[in-house]
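The residues making up each chain are set out below.
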Amino acid sequence: MSNVLVESIFSRITQQQRPLLDRQVVDTGDASPTPFNIQQAVEEIHAACKQRLEMARRLVVVGGDHTLSYPVIKAVAEKFGPVVLVHFDSHLDTFPPMYGQHVWHGAPFRNCWEEGLLAKDGSTHIGIRATTYSAEDFHDSENMGIATLTAEDVHERGVPACVEAVWNRWRRSGNAPVYLSVDIDVLDPSVAPGTGTPEFGGLLAHQLLQFIRGLKGLPIVGADVVEVAPAYDHAGITAMAAANLLLEQIALISSCMDSDGMEKALQTV
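Conventions adopted
The numbers attached to residues start from 1 for each chain and follow its sequence in the written order. Local features in a predicted model are, by the rule used here, given only for residues with pLDDT of at least 70; side-chain atom pairs are given and counted only at 80 or more, and totals for whole chains, interfaces and linings are based on all residues. Excluded from the side-chain calculation are hydrogens and water; included are all heavy atoms of the structure. UniProt positions are given in the numbering used here, feature names are shortened, and annotations may be inferred rather than shown by experiment. Per the convention used, a helix needs a DSSP run of H or I reaching at least four residues, while a strand needs a run of E reaching at least two, with both numbered from the N terminus. Atoms considered for the radius of gyration are the C-alpha atoms alone. The globule rule reads 2.2 Å times the number of residues to the power 0.38. A 1.4 Å probe rolled over the protein chains alone gives each residue an accessible area, and that area as a share of the maximum for its type sets the label: buried under 20%, exposed over 50%, partly exposed in between. Residue contacts are counted whenever heavy atoms from the two residues lie within 4.5 Å of one another. Using a 1.4 Å probe, accessible areas were evaluated by the Shrake-Rupley method; residue-level cover was limited to the displayed protein chains. For the purpose of counting charges, residues Lys and Arg are taken to be positive, whereas Asp and Glu are taken to be negative. His and the chain ends are not included. The atom standing in for a charge is NZ when the residue is Lys, CZ when it is Arg, CG when it is Asp and CD when it is Glu. Note: two strands are recorded as paired if DSSP finds a minimum of 2 bridges between them. Note on definitions: angles span 0 to 180 degrees between N-to-C directions of axes, and those axes are lines fitted to C-alpha atoms, for helices only across the stretch in contact.

If you look the protein up in an unreviewed UniProt entry, it shows as Guanidinobutyrase from Symbiodinium microadriaticum. The Sequence similarities (unreviewed entry) comment attached to the protein in UniProt states, word for word, "Belongs to the arginase family. Agmatinase subfamily."

Here is the structure:
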């Protein structure tokens, strides 16, 4: 593993990073989509993100179910081009339509792929476990150019080896911009019980933090944390996990945005 990867696994304290002091980080408020029509809600989320990206250099979103990643990625890809997806989750979220609905929380990345929002190769799921609807689900995801690292891969192979695999996948994309999506249920329910679809055997807090810090240097142009359900939480531990993950994402973006060349590439188009 390169020295860059080894060094990036250390904590923000070791790195002396101060992302909220070193950057102008602004809470731009809620998107407030309609709760009555999912297609209209998706369009409203997309419009809200697109508006913010006209003012902001990068975008970090916290939200409800994983459906929102689809309109957010659409807005990000319209600015930066097709993205490599680095996706932490216990579920693939590339599933086919359910009950006749193409847009639902199990299909955001299938929707992104079908609309050409993802780079043709280089994306990775991390932390996948539990049952699937069909054996074809993994084949479908692979055909979308997304590799899978299961929770067992992380436990058995170790975080550094899996981080290296994600980097190697990204290199295959030709240095495409990266979108980082974290479903809180990638964590084990003992760490983050406040979510709608908990799955036993997930990542522990130190594993997820180590993994995310190992991504330092990737050109991350957008990120989200989703699927936190406060009604199912205990003592706010899931909300605390989500808040810390948001700070980690901001730190990652802060560390790359002046040197990854993404804005320069936009200016030359």
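Here we take up the overall build of the protein. Check the secondary structure of the protein and you find 12 helices and six strands. Compactness check: the protein gives a C-alpha radius of gyration of 17 Å against a globular reference of 18 Å for 269 residues, within 12% of the reference. Reported as C-alpha extents along the three principal axes, the dimensions of the protein are approximately 45 × 45 × 40 Å. When burial is assessed residue by residue, the protein has 50% of its 269 residues classed as buried. Counting contacts in the protein only where the partners sit at least 6 residues apart, residues at least 24 apart contribute 74% of the total. Surface exposure of the protein reaches about 12600 Å², of which carbon and sulfur atoms provide 55%. Computing the positive centroid from 19 side-chain charges and the negative centroid from 33, the protein places the two 10 Å apart.

Ordered by their spatial adjacency, six strands build an open sheet running E1-E6-E5-E2-E3-E4, and the pairing between neighbours is parallel. Looking at which strands have only one partner, the edges of the open sheet turn out to be strand E1 (59-62) and strand E4 (146-150). The mean inter-strand angle of the sheet, taken between neighbouring strand axes irrespective of direction, is 10 degrees. The sheet contact formed by E1 and strand E6 (residues 220-226) spans four bridges and is parallel. Each residue of the ladder has a partner; that of valine 61, found in E6, is aspartate 224. Packed on one face of the sheet, helix H10 (residues 205-213) meets strand E2 (84-88), strand E3 (123-128), E4 and strand E5 (178-183) and runs near 165 degrees to E2.

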